[in-house]
Amino acid sequence: MTRAIVAGHLCLDIIPDLSAFAPGQFDVNFRPGRLTQSGPAVLTTGGAVSNTGIALHRLGIVTRLIARTGDDTLGMTLRQCVEKQGTGLASGLITRAESTTSYSLVISPPGEDRRFLHNPGANDDFSAGDVRDDDLSNADLFHFGYPPLMATMYAENGDQLRRLFERAKASGLTTSLDMAYPDPESSAGRADWLSILQNVLPFVDIFVPSFDEISYMLWKKTDIPLSAPILAKASNILLGMGAKIVLLKLGNRGLFLRTVTRARFSGLGRAFTAKPDEWAGFNAWLPCFRVNVIGTTGAGDVTVAGFLAGLERGLPPLDAMQTALAVGACCVEKADALSGIRGWDETRARILAGWDTHPEPEQFIKHP
């Protein structure tokens with residue numbers, strides 16, 4: 001039996017090696033009419049379905065990946081990349097001749113912020129019907145990632161997203177939703193995310209956006225200083241909309257977790273096997289583990305995988321948060337999203353061995 005379904009955004013990342021350039025020299029050389037030589041390109045999977053889904057697989061959770069690809073060369077390559085991560089992982093991918101495969105060209109010169117050329121492709125065509133009732137009846141957990149990068153899923157105030165989560169809850173699953181930051185100048189950035197969240201969150205048990213994403217969606221702001229009061233304010237709004245567990249990703253500032261009171265803490269679905277009294281009314285902000293950071297690609301997605309794997313195994317909330325932070329820390333020790341991910345036992349052993357953390361947040365909150 002599949003324990004988890006991870007559905008949503010999937011793409012092929014094409015990453016040319018630009019390490020031969022000195023810091024700041026790429027733009028000097030990359031000019032119209034000029035041939036600029038690069039190193040070999042790496043082809044890898046990207047998006048929430050790949051990052052969260054394959055990380056769950058590595059953590060020992062039997063996972064089905066559901067996403068759309070085109071019937072084209074990039075689609076065949078993407079399926080091969082997914083299948084290399086585990087036999088059968090590509091079996092849930094949906095190929096459509098009318099769609100093109102989504103890809104990102106990742107431009108990452110030394111000493112500069114990454115830039116992306118992204119084609120959403122088949123992700124824009126994904127709809128609630130792409131997740132079958134048979135899929136839902138054979139799983140415990142349903143996670144969906146990146147609706148802001150999937151046009152059909154945020155259209156009409158998120159009607160397709162709401163329908164999908166409503167079906168998942170009706171099937172008895174524990175439901176989880178992750179976001180992506182919408183480009184303010186795009187149609188996604190102009191969408192009414194407040195209304196979308198109000199429509200969808202009544203059917204979402206676990207909501208796991210980043211602080212930047214939710215700041216934009218709630219207040220259309222991107223420069224709000226991080227503090228305990230603002231985290232409490234944001235989580236209070238989201239819990240009021242219907243979510244039961246809110247996990248806010250804070251980058252190198254750690255994780256913030258808040259849950260509803262005992263009176264509302266019920267109906268979380270088949271994946272939730274922990275003691276409700278341990279989870280209800282919980283409130284904590286934990287710092288990151290100390291590591292040598294090589295790259296941050298996919299760190300938020302795999303952190304979510306660690307949290308969901310901990311929840312699937314019935315861990316209390318602090319342990320689930322620590323597992324999430326540990327998986328994220330392992331991720332950033334490598335340049336890509338997945339090569340640093342370890343198995344469940346090895347990850348937990350690293351925590352229990354006394355892994356050092358960064359200093360606690362200035363206004364640290366911890367459940368008694």
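Further up the page is the structure itself.
Residues numbered from 1 in each chain as written. Predicted model: local features only at pLDDT ≥ 70, side-chain atom pairs only at ≥ 80, totals over all residues. Heavy atoms only, no water.

(A) View of the packing of aromatic side chains. By the definition in use, this model includes 11 aromatic pairs. Through a chain of ring-to-ring contacts, the aromatic side chains of Phe126, Phe142, Phe144 and Phe165 assemble into a single cluster. The positively charged end of arginine 313 is found above the aromatic ring belonging to tryptophan 344, 4.2 Å away from the centroid. (Phe/Tyr/Trp six-rings, centres within 6.5 Å; stacked < 30°, edge-to-face > 60°. Lys NZ or Arg CZ within 6 Å of the ring centre and 35° of its normal.)

(B) Main features of the packing of helix α2 (residues 48-58) against helix α11 (residues 299-312). At a closest axis distance of 8 Å, the pairing of α2 and α11 adopts a crossing angle of 40 degrees. Here α11 runs oblique to α2, going by the angle between their axes. Of the two elements, α2 crosses α11, and the hand of that crossing is right-handed. Of α11, the residues touching α2 (which contributes Ala48, Asn51, Thr52, Ala55 and Leu56) are Asp301, Val302, Val304, Ala305, Leu308 and Ala309. Across the contact of α2 with α11, the residue classes break down as 8 nonpolar, 2 polar and 1 charged. (Axes fitted to C-alpha atoms, helices over the stretch in contact; angles between N-to-C directions. Helix = DSSP H or I, 4+ residues; strand = E, 2+ residues; numbered from the N terminus. Parallel < 35°, antiparallel > 145°, perpendicular 65-115°, else oblique. Left-handed = near helix turned anticlockwise from the far one by under 90°. Contact = heavy atoms within 4.5 Å. Nonpolar A, V, L, I, M, F, W, Y, C, P; charged D, E, K, R; others polar.)

(C) Focus on the pairing of strand β1 (residues 4-8). Across the 5 residues that make up β1, a large majority, 5, are buried. Summarising the sheet, β1 and strand β4 (residues 63-66) pair through 4 bridges and their orientation is parallel. Across the sheet, the residue bridging to alanine 7 is isoleucine 66, located in β4. Two strands pair when backbone bridges link them, and β1 and strand β9 (residues 141-145) are joined in this way by 5 bridges, in the parallel orientation. (Buried < 20%, exposed > 50% of the residue type's maximum accessible area, 1.4 Å probe, protein only. Pairing = 2+ DSSP bridges.)

(D) Quick look at the pairing of β9. Counting buried residues in β9 gives 5 out of 5 residues, a clear majority hidden from the surface. Of the two faces of β9, the one lined by Leu141, His143 and Gly145 and the one lined by Phe142 and Phe144 are each fully buried. Taken together, the 5 bridges between β9 and strand β10 (residues 174-178) define a ladder with parallel strand orientation. For phenylalanine 142, the partnering residue across the bridge sits in β10 and is threonine 175. Following the chain from β9 across helix α5 (residues 151-170) to the adjacent parallel β10, one finds a crossover that is right-handed. (Right-handed = clockwise from strand over helix to strand, strands pointing away.)

(E) Representation of the sheet that holds strand β14 (residues 283-286). Here 8 strands make up an open sheet; going across it, the order is β4-β1-β9-β10-β11-β12-β13-β14 and the pairing mixed. Both outer strands of the open sheet, β4 and β14, are each paired with one neighbouring strand and no more. Pairing analysis gives 5 bridges linking strand β12 (residues 245-249) to strand β13 (residues 255-259), with the strands arranged antiparallel. When the bridges of β13 are listed, isoleucine 245 appears paired with threonine 259. Docked against the sheet, α2 engages β1, β4 and β9, running at close to 165 degrees with respect to β1.

(F) Broad picture of the pattern of salt bridges. For the structure on display, the rule yields 18 salt bridges. A salt bridge links arginine 132 to aspartate 135, with the shortest nitrogen-to-oxygen separation between them at 3.0 Å. Looking at arginine 132, the relative accessible area reads 44%, which means it is partly exposed. Judged by relative accessible area, which is 7%, aspartate 135 ranks as buried. For arginine 290, the salt bridge is made with aspartate 356, and the minimal N-O distance between the two is 3.1 Å. With a gap of 66 residues between them, arginine 290 in the loop between β14 and α11 and aspartate 356 in the segment after α13 (344-352) connect regions that are remote in the sequence. Look at arginine 290 and you get partly exposed, because its relative accessible area is 39%. Taking the relative accessible area as the measure of exposure, aspartate 356 reaches 47% and is therefore partly exposed. Via salt bridges that share partners, Asp159, Arg162, Arg163 and Glu166 belong to a single interconnected network. (Salt bridge = Lys/Arg side-chain N within 4 Å of Asp/Glu carboxyl O.)

(G) Highlighting the sheet that holds strand β2 (residues 11-16). The strand order across the open sheet formed by 4 strands is β3-β2-β7-β8, and the pairing between neighbours is mixed. Only two strands of the sheet have a single neighbouring strand rather than two, namely β3 (41-46) and β8 (115-119). The average undirected angle you get between the axes of adjacent strands in this sheet is 20 degrees. Across 3 bridges, β2 lies against strand β7 (residues 103-107) in parallel orientation. Residue pairing in the sheet places isoleucine 14 in a bridge with leucine 105 of β7.

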